[in-house]
Amino acid sequence: MDFTLLLFTVLLLSATDKVVGMVSDAEVASLIALYESTDGPNWVVNSNWLSGNPCTPGAEWFGLYEADDVRPCVDSIKSISFRGNGLSGVLPNVFTPFLHLEILRFVDEKISGQIPSSLFLPPRLHTLDITNCAVTSTIPSTIAFASQLTQLRLSNDPLTVRRRFYGTIPSAISRCTKLREFLLE
């Protein structure tokens, strides 16, 4: 094999590996489902969605961050965070593949429907914040799997939604021994 071709192949493979990082195909498929079910084409900002790898430096998908909710994701998706970005529709039940997800935040959005049971399955999730939205349902029993959860905030916009969360708080919440903030309205 020609040395130049070999060098080109090695460089291409290392660049591809770096771009792909730790974002799995299952995570990308879940993100696409989120985009499609919440009317992604009409979000206020939907920069780079559906193009390339979600964490490619300089071309990151809007709303995907490091755990500080400020810096764009680098190798893995640690935060999915939207605030007043025009998301509408229902949250799909697709959050299981996010092994590095720590923060999941939907604030001041027009999302509605049930709380997907998979919201509580990412093993590193410590913050779940769905406030001023139109999501109404009971808290799924899968909350038992949210062993790292420290903050749980679930509330609806009182001016536009008369429905509230209903039912009893599942006893499985007792397994969330790190929970320090719990808001339910």
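Residues numbered from 1 in each chain as written. Predicted model: local features only at pLDDT ≥ 70, side-chain atom pairs only at ≥ 80, totals over all residues. Heavy atoms only, no water.

### Digging into the pairing of strand β7 (residues 151–156)
Of all 6 residues in β7, 5 are buried; the element is thus mostly enclosed. Pairing of strand β6 (residues 127–135) with β7 involves 5 bridges; the strand directions are parallel. Across the sheet, isoleucine 130 pairs through a bridge with leucine 154, a residue of β7. Relative to strand β8 (residues 181–184), β7 runs parallel, the two being bridged by 4 bridges. Counted as the bridge partner of leucine 152 is phenylalanine 182 from β8. (Buried < 20%, exposed > 50% of the residue type's maximum accessible area, 1.4 Å probe, protein only. Helix = DSSP H or I, 4+ residues; strand = E, 2+ residues; numbered from the N terminus. Pairing = 2+ DSSP bridges.)

### Overview of the state of the cysteines
In this structure the tally under the stated criterion is 1 disulfide. What pairs with cysteine 55 in a disulfide is cysteine 73, and their sulfur atoms sit 2.1 Å apart. The disulfide joining cysteine 55 to cysteine 73 has a torsion of about -115° about its S-S bond and is therefore left-handed. Of the two residues, cysteine 55 is situated in the loop between α2 (25–37) and β1 (64–65) and cysteine 73 in the loop between β1 and β2 (79–83); the sequence distance between them amounts to 18 residues. (Disulfide = S-S within 2.5 Å.)

### Thoughts on α2
Taking 1.5 Å per residue, 13 residues should reach 18 Å; α2 reaches 18 Å between its end C-alpha atoms and fits that length. Where α2 is concerned, the buried positions are Glu27, Val28, Ser30, Leu31, Leu34 and Tyr35. Seen along its axis, α2 keeps its buried residues to an arc of 160°; they face one direction. Facing away from the buried surface of α2 by more than 90 degrees, the exposed residues are Asp25 and Glu36. Buried residues along α2 sit in contact with β1, β2 and β4 (103–107). One or two steps after α2, the chain reaches aspartate 39, where phi turns positive at roughly 60°. (Expected span 1.5 Å × (residues − 1). Arc of directions from axis to C-beta. Contact = heavy atoms within 4.5 Å.)

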